[in-house]
Amino acid sequence: MTRMPIIPKTVQHRPKGLIDCSEITETLIFPGQDRRSLYDQVRGLLKDGYLWPVAHMKSGKKLYLMQPDHILIADVLLRLREFGVKGSEHGPYDAAAFALRDWKGEKPDGAEPSPAAHVIREYEMGIEGWVFELWSFLNPKTGKVIFEGRIHHAARDQATPLKNGGSSAVVNRGCFAVDLTDALDRIHPRGKAKREALN
């Protein structure tokens, strides 16, 4: 599957604050991991339309550039891949990327532009504990499995809504959860250092 859901604007000069696939790779790579393999996986997520660039460099390496919250989106999708989850149209990857990229319905007052950006901002403020959850629901009449994702902070009883969560028309099949702290530590290492100093 190859799809680019949006056409990013072409730019001559790199806008401040945007990131490319190499920077996502450098942020998320862990000791012993093959850098080229990880880069190819991140690049594949971009090519398949799970990462949405907002700008495309006209010259040089002609990089596709994304908002920093895409580091968190890429991390969750790569962890799904580690568990053998495969991408498909309207499948778990789409559900995960959408849940981290877009608010369902109206954006909460004071929230960042995306749920992923909101989690990053709260981490910067010293608020930890956010988890990403991927839920699956089965429609017993059609046999179709429906995937939905959300961010959830159990200690504060806060979460983005699940459309099918309270529906009697579907059966809850299961939940895959990712603690976002590790990825946030990689984005902002000083947060990890501060937490370790307190222990």
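Conventions adopted
Residues numbered from 1 in each chain as written. Predicted model: local features only at pLDDT ≥ 70, side-chain atom pairs only at ≥ 80, totals over all residues. Heavy atoms only, no water. Helix = DSSP H or I, 4+ residues; strand = E, 2+ residues; numbered from the N terminus. Buried < 20%, exposed > 50% of the residue type's maximum accessible area, 1.4 Å probe, protein only. Salt bridge = Lys/Arg side-chain N within 4 Å of Asp/Glu carboxyl O. Pairing = 2+ DSSP bridges. Contact = heavy atoms within 4.5 Å. Axes fitted to C-alpha atoms, helices over the stretch in contact; angles between N-to-C directions. pLDDT = per-residue confidence, 0-100. 1 Å grid on protein atoms, 1.4 Å probe; cavity = no way out; pocket = protein on both sides within 12 Å on 5 of 7 lines; lining within 4 Å. Points joined across faces, edges and corners; volume = space filled by probe spheres on them. Nonpolar A, V, L, I, M, F, W, Y, C, P; charged D, E, K, R; others polar.

## Quick look at the overall build of the protein chain
Thought 1: Helix and strand counts for the protein chain stand at seven helices and seven strands.
Thought 2: Ordered by position from the N terminus, the helices and strands of the protein chain form the series β-α-α-β-β-α-α-α-β-β-β-β-α-α.
Thought 3: Summarising its shape, the C-alpha atoms of the protein chain cover approximately 55 × 45 × 40 Å along the three principal directions.
Thought 4: Evaluated residue by residue, the protein chain yields a buried proportion of 42% over its 199 residues.

## Notes on the pattern of salt bridges
Thought 1: Tallied over the full model, the rule gives ten salt bridges.
Thought 2: Across the salt bridge formed by Glu 26 and Arg 35, the nearest N and O atoms sit 2.6 Å from each other.
Thought 3: Residue classification places Glu 26 among the partly exposed positions, given a relative accessible area of 45%.
Thought 4: Note that Arg 101 and Asp 102 form a salt bridge whose closest N and O atoms lie 3.5 Å from each other.
Thought 5: Within the structure, one salt-bridge network assembled from shared partners comprises Asp 75, Arg 79, Asp 182 and Arg 186.

## Observations regarding the sheet that holds strand E4 (residues 131–138)
Hydrogen bonds between backbone groups are what pair the strands of a sheet, and the pairing can be parallel or antiparallel.
Thought 1: Pairing is antiparallel across the open sheet formed by four strands, whose spatial order is E6-E5-E4-E7. Looking along the sheet, the strands with just one partner apiece sit at the ends: strand E6 (158–159) and strand E7 (171–179).
Thought 2: Seen against the sheet, helix H4 (residues 92–101) touches E4 and strand E5 (145–153) and runs at an angle of roughly 30° to E5.

## So, the pairing of E4
Thought 1: Burial analysis of E4 places six of its eight residues in the buried class, which makes it a mostly covered element.
Thought 2: Between E4 and E5, which follow one another and run antiparallel, lie six residues, and Gly 143 among them has a positive phi close to 80°.
Thought 3: Pairing of E4 with E7 involves eight bridges; the strand directions are antiparallel. Residue pairing for E7: Val 131 is matched across the bridge by Asp 179.

## A few points about unusual backbone geometry
Thought 1: The backbone of Asp 157 sits at a positive phi, close to 55°, despite the residue not being glycine.
Thought 2: One can find Asp 157 in the loop between E5 and E6.

## Some words on the confidence of the model for the protein chain
Thought 1: When the pLDDT values of the protein chain are averaged, the result is 87; 91% of them are 70 or greater.
Thought 2: Element-level mean pLDDT values for the protein chain span from 59 in helix H7 (residues 189–198) up to 95 in E4.

## Quick word on the layout of surface pockets
Thought 1: Here the largest pocket is characterised by a volume of approximately 320 Å³.
Thought 2: In terms of lining residues, the largest pocket is bounded by 16 residues, among which Gln 67, Asp 69, Pro 113, Ser 114 and Ala 117 are the most central.
Thought 3: At four residues, the largest contribution of residues to the lining of the largest pocket is made by helix H5 (residues 115–124).
Thought 4: Grouping the amino acids of the lining of the largest pocket by side-chain chemistry returns seven nonpolar, three polar and six charged.

## As for the sheet that holds strand E3 (residues 64–65)
Thought 1: One open sheet holds the three strands; their spatial order is E1-E2-E3, and the pairing between them is mixed. Only two strands of the sheet have a single partner each, and these edge strands are strand E1 (9–11) and E3.
Thought 2: Where E1 lies against strand E2 (residues 55–57), three bridges are found, and the strand directions are parallel. Bridge pairing links Val 11 to Met 57 in E2.

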